[in-house]
Amino acid sequence: MRIERELMRGAGPVAVLKLLEEGAKYGYELVEALSEQTGGVLDMGQSTLYPLLYNLQSQGLIRPSWQESESGRKRKYYSLTAKGKKRLASDTAQWVAVTSAMQSLGILSGTQPKLRGGEA
């Protein structure tokens, strides 16, 4: 299942910040992690990811740094800033509130099936 653009605009940034909470990652690593860890639901291509990263960087939420990979190739890695950590905490609290509200309306059940192959 692909998420509509409007929902992705809200979910994409917080998902990227959450992945970066685990440690610095480069673009392709983020694309793969988003697809794999969400069963394809938050799948986004590099053409969507890089503008998102630029936006997060311009807000001071992430910081890029060039690092040499194991193959010897230089890659741009992104990591959370202190401001990014605060934003992630705030966004997480808001998503919890939205999820709770959706459960109250009967839109979400108390238990969600595991995402598999892009289907819920």
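First things first, this report covers the structure right here in the doc. All of these numbers come straight from a predicted model, not from anything done at the bench.

## Here we look at the pairing of strand E3 (residues 74-80)
Thinking step 1. Of the strand pairs in this sheet, strand E1 (residues 25-26) and E3 are connected by two bridges, and their pairing is antiparallel. Of the residues in E3, the one forming a bridge with Lys25 is Tyr78.
Thinking step 2. Pairing of strand E2 (residues 62-68) with E3, which is carried by seven bridges, proceeds in the antiparallel orientation. Within the sheet, the bridge partner assigned to Ser65 lies in E3 and is Tyr77.

## Here we look at the sheet that holds E2
Thinking step 1. Within the open sheet, the three strands sit side by side as E1-E3-E2. Their pairing is antiparallel. Each having just a single partner strand, E1 and E2 make up the two edges of the open sheet.
Thinking step 2. Those strands touched by helix H3 (residues 46-58) are E2 and E3, and its axis lies near 115° from that of E2.

## Remarks on a nonpolar patch on the surface
Thinking step 1. Taken together, the side chains of Trp95, Val98, Met102, Leu105 and Ile107 define a hydrophobic patch exposed on the protein surface, amounting to about 480 Å² of accessible area.
Thinking step 2. Turning to its location among the elements, Trp95 is positioned in helix H4 (residues 82-104).
Thinking step 3. Trp95 sits in the partly exposed class, given a relative accessible area of 35%.

Parameters and conventions
Residues numbered from 1 in each chain as written. Predicted model: local features only at pLDDT ≥ 70, side-chain atom pairs only at ≥ 80, totals over all residues. Heavy atoms only, no water. Pairing = 2+ DSSP bridges. Helix = DSSP H or I, 4+ residues; strand = E, 2+ residues; numbered from the N terminus. Contact = heavy atoms within 4.5 Å. Axes fitted to C-alpha atoms, helices over the stretch in contact; angles between N-to-C directions. Patch = residues over 30% accessible without salt bridge, like charges linked within 9 Å, V, L, I, M, F, W, Y side chains within 5 Å. Areas by Shrake-Rupley, 256 points an atom, 1.4 Å probe, with all protein chains shown as cover. Salt bridge = Lys/Arg side-chain N within 4 Å of Asp/Glu carboxyl O. Buried < 20%, exposed > 50% of the residue type's maximum accessible area, 1.4 Å probe, protein only.

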